[in-house]
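Secondary and tertiary structure notes
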Amino acid sequence: LAVDNDLNGPLPPEIGYLMDCRSFRLENQLRLTGQLPQTMGNMTDLINVALLLNGPEFGGELPSSLFQLRKLNTIHVEYNFGQNWSLPSNVRVDDDTQLERLLLKRNSFVGTIPSWIVELKRLQTLDLATNAFEGAIPEAIGDLSSMKYLSLMENNLTETIPSSVGKFSSIE
C-alpha cells in the first residue's frame, strides 16, 4: 500500500484488516493526524513499513504490535514533523522475528532506548540518529551479533558506552 494523496485526519483502526499487505508507506502526508493504530499488528504479511515526511500532527508511540510481526523486515520512520514520537516500553519479541532494519532517524523520538531492542537478534541496522532519545544505551546492545550499522548520534544519551559494543564483529 503506497499512498500519494493529501490524506487528513487519523488512520482508521480498520487499516489492520489489510492482512495480505506486504508494504505500507506513507509519504508527504502533511495533514495526517494521530498515530499508527495497534491493529497494524494484524497485518501478518507485512514486510516493510515506511513513514516519511509526514505532518506535524502525526506521531506518538509506535505500536508494540508492529514489533511482533514475524515477517516484518524493515521499519523506516524518517523526517516526520510530528512531536512526541516514542518506542513502546514493553514489547515481547519472538525468536523468529525477522526485523533486520530499524531506521528512526531525523524525527523527534523521545524517551529512552528500550531494553527489548537487544532481543531483536536479526537486527543488522539500528539508526536512531538526530532525535531526542535520553538516558543510557542498553548494556546488552553488543549482544546483537548481526549488527552491521549502528548510529546513535545527535541524541541526549548519557552514561558511558557499554563495554558490550566490543563484541560487534560485523560493524561497518
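Residues numbered from 1 in each chain as written. Predicted model: local features only at pLDDT ≥ 70, side-chain atom pairs only at ≥ 80, totals over all residues. Heavy atoms only, no water.

**Things to note about the overall build of the protein chain**
The secondary structure content of the protein chain amounts to zero helices and 12 strands. When the helices and strands of the protein chain are read in sequence order from the N terminus, they spell out β-β-β-β-β-β-β-β-β-β-β-β. The C-alpha atoms of the protein chain give a radius of gyration of 16 Å, which matches the 16 Å a tight globule of 172 residues would have. With the principal axes as the frame, the protein chain shows a C-alpha extent of 45 × 30 × 25 Å. (Helix = DSSP H or I, 4+ residues; strand = E, 2+ residues; numbered from the N terminus. Rg over C-alpha atoms; globule rule 2.2 N^0.38 Å.)

**What to know about the sheet that holds strand S8 (residues 110-111)**
Pairing is parallel in the open sheet, where three strands are placed in the order S8-S10-S12. The open sheet has two edge strands with one neighbour each: S8 and strand S12 (156-157). (Pairing = 2+ DSSP bridges.)

**Considering the packing of aromatic side chains**
Evaluated as defined, the whole model comprises four aromatic pairs. Aromatic side chains Phe 58 and Trp 85 sit 5.6 Å apart centroid to centroid with 80 degrees between the ring planes, which places their arrangement in the edge-to-face category. One end of the pair, Phe 58, is in the loop between strand S5 (48-52) and strand S6 (74-78); the other, Trp 85, is in the loop between S6 and strand S7 (101-103), with 27 residues separating them in the sequence. Pair check on accessibility: Phe 58 and Trp 85 agree, each one buried. Taking the centre distance of 5.6 Å and the plane angle of 35 degrees together, the rings of Trp 85 and Phe 109 count as tilted. One end of the pair, Trp 85, is in the loop between S6 and S7; the other, Phe 109, is in the loop between S7 and S8, with 24 residues separating them in the sequence. Here Trp 85 and Phe 109 have matching classes, each one buried. (Phe/Tyr/Trp six-rings, centres within 6.5 Å; stacked < 30°, edge-to-face > 60°. Buried < 20%, exposed > 50% of the residue type's maximum accessible area, 1.4 Å probe, protein only.)

**Focus: the pattern of salt bridges**
Enumeration according to the criterion identifies 11 salt bridges in this entry. With a shortest N-O distance of 3.3 Å, Arg 31 and Asp 6 are connected by a salt bridge. Of this pair, Arg 31 sits in strand S4 (residues 31-33) while Asp 6 is found in the loop between strand S1 (2-3) and strand S2 (8-10), placing the two residues 25 residues apart along the sequence. What makes Asp 6 partly exposed here is its relative accessible area of 48%. Measuring nitrogen to oxygen at the nearest pair gives 2.6 Å for the salt bridge that ties Asp 143 to Lys 167. In this pair, Asp 143 is assigned in the loop between strand S10 (132-135) and strand S11 (149-151) and Lys 167 in the segment after S12, connecting sequence segments 24 residues apart. One salt-bridge network, held together by shared partners, links Arg 70, Arg 92, Asp 94 and Asp 96. (Salt bridge = Lys/Arg side-chain N within 4 Å of Asp/Glu carboxyl O.)

**Here's the deal with the nonpolar core**
A general feature of soluble globular proteins is that nonpolar side chains tend to end up buried together. Membership of the largest hydrophobic core comes to 43 residues, with the highest contact counts inside it found for Phe 24, Leu 46, Leu 66 and Phe 67. Elements with a minimum of two residues in this core: strand S3 (23-27), S5 and S6. With residues near it in sequence (within four places) discarded, Leu 46 still touches Cys 21, Arg 22, Ser 23, Phe 24, Met 40, Leu 66, Leu 69, Lys 71 and Leu 72. (Core = buried A, V, L, I, M, F, W, Y, C linked by side-chain atoms within 4.5 Å. Contact = heavy atoms within 4.5 Å.)

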